[in-house]
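Survey of secondary and tertiary structure
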Amino acid sequence: MTVHVAARRPRTGRSPGHVVSALVVGALLAALLVFFVLPVAWVLMAPSKTAGQIVHDSPLSFGSFSQIGAAWRHLFAFQNHAMLTWLGNSVIYAGASLVLTLITSVTAGYALALTRFRGRRALLVITLVTMIMPSATLVLPVFLELNRFHLIGTVWSVILPFSFFPFGVYLMYIYFAGSLPRDLLSAARMDGCTEWQLFSRIALPLAKPVIGLVAFFSFVGNWNNFFLPYLVLPNSDEFPLQVGLNQLLTSTPSFNPVAGAGLDITIPELALAVIVAICPVLALFLFSQRTLVSGMLAGATKE
Amino acid sequence: MTLLETRRVTVPLRRRDTALRRRVGGRAGYLFVAGYTLFLFAFGVFPTGYAFYLAFTNELGQFTGLNQFVRVAKDYRFLPAFEHILIYLVLWLVTLVVLTVLSAVLLRSRVGPRTSALLRFLYYIPGALAGVASVLVWLFMLDPDVSPVSWLLTALHMDTFAAVLQPGNLPVIFMLIAFWTGAGGWIVVMYGALNTISDEVIEAARMDGAGPWRTAWSVQIPMVRQWIAYMTILAFASGTQLFVEPQLLQTASLGRIGLTWSPNQLAYVFAFQQGDFNGAAAISVFLLAVGLIAAGLLVSRSSMFRLDEK
């Protein structure tokens, strides 16, 4: 039987049907590759050219390093180093909410998985439902709520809603429920460990990879969030980078000839702004690729 | 005898241990979930309730039944916004499902493991450019003056940026942006799901005379259909929420595109341009209902989310 299969395979390999099928497969995968990579390559090349070169030169050509420097100066000179302010704000918002997210979601996931208390099941169900609802659903109600409590325009109006991360709680819950050996905990309990010691000395060190995953998703989600800060922060010096990019866009002559007249923000500067904005996320992406993939699967399967 | 004796000793001990854990663990449990529960109520439960309260009352706080819903639904911008989203969703979901499943199958069974890993990674990179960055990138890609594929745009009779940003093209444009940023991640997930199918199953199908396409259609795809359902419902729920994409294109198009293309934008206009928070809340409740239905379907219809440990 095996011999038969082995003998047949080379023959089908040469048949016209197989060649056509291989061509179709190759063409499709290559088309997808171009689709996904070409825009990234273009954006990486764009800041090295002048606005004129971008229009006339070949799209993926490299201009010059001095041009990157010029684009950099124009970009950071915009509105008195607004880019730096926005970048700093993004770091504060995403960083502070990252800390709050980790504190609340790790402890909550642990308690949901390993202790029994009244209302535990209800908490889990509400968590699941809010986790699957897109976050944008609640942005407007959250705005109205913050407005009611006079928090609009303060840093808390961004940091606090960002810190609510049910997906992180669910990931931690799945991990603690499925992978933390209970015998280990019972043994430690017998030895006289307090609940806090169990958590901090046993559960926490073991959960490091999953905590990293929660941190990644929380940081990236908040870093890229536009809708909420756009609503709750009225002043430019409070903007995170994402909202700042929007302002940059409205100041660009190519997209807004009236407001943008006389400014140095053209397409190379915009492309550079995009690169600056995604740098932290891209770096995280490259470093944590492998963990991410297993985490995405772990987030929704039974082990 | 000895065995029996040890049993007698261990059973009460264990029971006492469990009882201890119930009590002590229980109190610690409340403490440990306190912070999260606070956030859940402040930014999950309460806003939902507040949106409902606003949607059922008027600006004076008087109960008005379904009046707000009827009023916003009668607004001339309401139906078009939901219609736009519907067209976009159909396009986006069909493209997403067909292309992610197809490419995951191809990457799993038609390409060598090294090429496959490299391609998956490259497909995945645009995922880092979510939000505003992705829209900016696509503004460049769609501007015939600077686009690296301007020949393609010209071939499609779109010689100027204005011609590209025709209202009829918007669902396709948003689909492209969403696919560009989101599909890579889903291809990786689908590939992972396909990976869990054992080689024996595939081998058995081949022995039975199934070619690669036949195997994909009759064996691999049915075995990952839970994942396909999961992806579809999540993509559906987030697709109803378009805001940043139409908002930015509106800016970039110098007003050729309306301010109320998507329901979320319409709610935004109600709240911030008309100062009508009750109307905005009514639109939010419409969207919440859609999101909740999708979430409910996902939780109840799939066995992917478990509430109890083994």
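If you're wondering where the values come from, they're calculated on a predicted model, not measured in any experiment.

1. What about the overall build of chain A?
For chain A, the helix and strand inventory stands at 15 helices and zero strands. Within chain A, buried positions represent 52% of all 303 residues. The contacts in chain A between residues at least 6 apart in sequence include a share of 70% that link residues at least 24 apart. Of the roughly 13100 Å² of accessible surface on chain A, a fraction of 67% belongs to carbon and sulfur atoms.

2. Observations regarding the overall build of chain B
Along its length, chain B carries 14 helices and zero strands. In chain B, the succession of helices and strands from N to C terminus is α-α-α-α-α-α-α-α-α-α-α-α-α-α. Per-residue burial over chain B gives 52% buried out of 310 residues. In chain B, 67% of the contacts between residues at least 6 apart in sequence involve partners at least 24 apart. As displayed, chain B offers around 14600 Å² of accessible surface, 65% of which is attributable to carbon and sulfur atoms.

3. Points about the interface of chain B and chain A
A common way to express how large an interface is: the accessible area buried when the components associate. Facing the 107 residues of chain B at the interface are 110 residues of chain A. Across the chain B to chain A interface the summed buried area is about 10000 Å²; carbon plus sulfur atoms make up 77%. There are zero salt bridges connecting chain B and chain A. Summed over the shared surface of chain B and chain A, the number is 12 residue pairs in polar contact (both at pLDDT 80 or more). Ranked by residues supplied to the side of chain B that touches chain A, first place goes to helix 1 (residues 2-55) of chain B with 26 residues. Each residue belonging to the side of chain B that touches chain A can be placed in one class, and the counts come to 76 nonpolar, 21 polar and 10 charged.

4. Considerations on the packing of aromatic side chains
Tallied over the full model, the rule gives 47 aromatic pairs over all chains. For the pair Phe 35 of chain A and Phe 36 of chain A, a centre-to-centre distance of 5.3 Å together with 70° between the ring planes defines the contact as edge-to-face. Neither Phe 35 of chain A nor Phe 36 of chain A differs from the other in exposure class; each is buried. Ring geometry for Trp 186 of chain B versus Tyr 230 of chain B: centroids 5.8 Å apart, planes at 80°, classification edge-to-face. With Trp 186 of chain B in helix 8 (residues 170-195) and Tyr 230 of chain B in helix 11 (residues 225-239), the pair connects residues that are 44 residues apart, well separated along the chain. Of the two residues, Trp 186 of chain B and Tyr 230 of chain B, both sit in the buried class.

5. Points about empty space enclosed by the protein
Unfilled space is identified by rolling a water-sized probe across the atoms. Residue and element names in this part refer to chain A. A complete count under the given rule lists four cavities of 30 Å³ or more for this structure. Along its surface, the second largest cavity is lined by Ser 90, Tyr 93, Ala 94, Val 158, Phe 162, Asn 222, Trp 223, Asn 225, Pro 229 and Pro 240. Of the residues forming the lining of the second largest cavity, the biggest block, three residues, is contributed by helix 5 (residues 82-114). Residue composition of the lining of the second largest cavity, grouped by class: seven nonpolar, three polar and no charged.

6. Structural notes on the nonpolar core
In this structure, Phe 176 of chain A together with Trp 92 of chain B are the most contacted members of the largest nonpolar core, which totals 198 residues. Broken down by element, the residue count for this core peaks at 17 residues, all from helix 8 of chain B. What Phe 176 of chain A contacts, discounting residues up to four positions off in sequence, is Val 106, Gly 109, Tyr 110, Ala 113, Leu 114, Ala 203 and Ala 207 of chain A.

7. Re the layout of surface pockets
The volume enclosed by the second largest pocket comes to roughly 520 Å³. Along its surface, the second largest pocket is lined by 23 residues, and Phe 35 of chain A together with Trp 138, Val 149, Leu 152 and Leu 176 of chain B are the ones closest to its centre. Of all the elements in the fold, those that place two or more residues in the lining of the second largest pocket are helix 2 (16-45) of chain A together with helix 3 (78-109), helix 5 (132-142), helix 6 (150-155) and helix 8 of chain B. For the lining of the second largest pocket, the element with the highest residue contribution is helix 2 of chain A, accounting for six residues. Its residues assigned to classes, the lining of the second largest pocket comprises 21 nonpolar, two polar and no charged.

8. With respect to helix 11 of chain B
Think of an α-helix as turning once every 3.6 residues; residues three or four places apart then point the same way. Helix length check: helix 11 of chain B (15 residues) gives 20 Å between terminal C-alpha atoms against 21 Å at 1.5 Å per residue, within 8%. Within helix 11 of chain B, burial applies to Trp 227, Ile 228, Tyr 230, Met 231, Ile 233, Ala 235, Ala 237 and Gly 239 of chain B.

9. With respect to the packing of helix 10 (residues 182-190) of chain A against helix 11 (residues 195-206) of chain A
All names here are of chain A. For the pair helix 10 and helix 11, interaxial distance at closest approach is 10 Å and the crossing angle is 145°. Two packed elements cross with a definite hand, and for helix 10 against helix 11 that hand is right-handed. Packed against helix 10, whose contacting residues are Leu 184, Leu 185, Ala 188 and Arg 189, the element helix 11 presents Glu 195, Leu 198, Ile 202 and Leu 206 at the interface. A breakdown of the residues in the contact of helix 10 with helix 11 according to their chemical character gives six nonpolar, no polar and two charged.

10. Description of the side chain of Glu 269 of chain A
All names here are of chain A. In this structure, Glu 269 sits in helix 15 (residues 267-298). One buried charged residue, Glu 269, remains without a salt bridge, the closest side chain of opposite sign being Arg 73 at 9.0 Å. Polar side-chain contacts of Glu 269 include one of 2.6 Å to the side chain of Thr 266. Sequence-distant contacts of Glu 269, defined by excluding residues within four places in its chain, comprise Ala 71, His 74, Leu 75 and Asp 264.

11. Observations regarding the packing of helix 9 (residues 199-207) of chain B against helix 10 (residues 212-223) of chain B
All names here are of chain B. Where helix 9 meets helix 10, the closest approach of the two axes is 10 Å, and the angle between their N-to-C directions is 155°. When the interaxial angle is binned, helix 9 and helix 10 end up roughly antiparallel. Between helix 9 and helix 10 lies a crossing whose hand is right-handed. Judged by residue contacts, Val 201, Ile 202 and Ala 205 of helix 9 engage Thr 215, Val 219, Gln 220 and Met 223 from helix 10. A per-class count over the contact of helix 9 with helix 10 returns five nonpolar, two polar and no charged.

12. Comments concerning the side chain of Thr 115 of chain A
Residue and element names in this part refer to chain A. The topology assignment puts Thr 115 in the loop between helix 5 and helix 6 (120-132). The buried category is assigned to Thr 115, whose relative accessible area is 2%. A distance of 2.6 Å separates a polar side-chain atom of Thr 115 from the backbone oxygen of Ala 111.

13. Things to note about a nonpolar patch on the surface
Residues and elements named next belong to chain B. A cluster of nonpolar side chains, Leu 86, Val 90, Val 94 and Val 98, forms an exposed patch at the surface whose accessible area comes to about 360 Å². Mapped onto the secondary structure, Val 98 falls in helix 3. The exposure class assigned to Val 98 is partly exposed, which follows from its relative accessible area of 47%.

14. Considering unusual backbone geometry
Phi at Gln 79 of chain A is positive, roughly 45°, even though this residue is not glycine. Position of Gln 79 of chain A relative to the elements: it lies in the loop between helix 4 (65-77) and helix 5.

Reading guide: rules and limits
- Residues numbered from 1 in each chain as written.
- Chains lettered and ligands numbered in written order.
- Predicted model: local features only at pLDDT ≥ 70, side-chain atom pairs only at ≥ 80, totals over all residues.
- Heavy atoms only, no water.
- Helix = DSSP H or I, 4+ residues; strand = E, 2+ residues; numbered from the N terminus.
- Buried < 20%, exposed > 50% of the residue type's maximum accessible area, 1.4 Å probe, protein only.
- Contact = heavy atoms within 4.5 Å.
- Areas by Shrake-Rupley, 256 points an atom, 1.4 Å probe, with all protein chains shown as cover.
- Buried area = accessible area lost by both parts, 1.4 Å probe.
- Salt bridge = Lys/Arg side-chain N within 4 Å of Asp/Glu carboxyl O.
- Polar contact = N/O pair within 3.5 Å; in protein donor to acceptor, adjacent residues only side chain to side chain.
- Nonpolar A, V, L, I, M, F, W, Y, C, P; charged D, E, K, R; others polar.
- Phe/Tyr/Trp six-rings, centres within 6.5 Å; stacked < 30°, edge-to-face > 60°.
- 1 Å grid on protein atoms, 1.4 Å probe; cavity = no way out; pocket = protein on both sides within 12 Å on 5 of 7 lines; lining within 4 Å.
- Points joined across faces, edges and corners; volume = space filled by probe spheres on them.
- Core = buried A, V, L, I, M, F, W, Y, C linked by side-chain atoms within 4.5 Å.
- Expected span 1.5 Å × (residues − 1).
- Axes fitted to C-alpha atoms, helices over the stretch in contact; angles between N-to-C directions.
- Left-handed = near helix turned anticlockwise from the far one by under 90°.
- Lys, Arg positive; Asp, Glu negative; His and termini not counted.
- Parallel < 35°, antiparallel > 145°, perpendicular 65-115°, else oblique.
- Patch = residues over 30% accessible without salt bridge, like charges linked within 9 Å, V, L, I, M, F, W, Y side chains within 5 Å.

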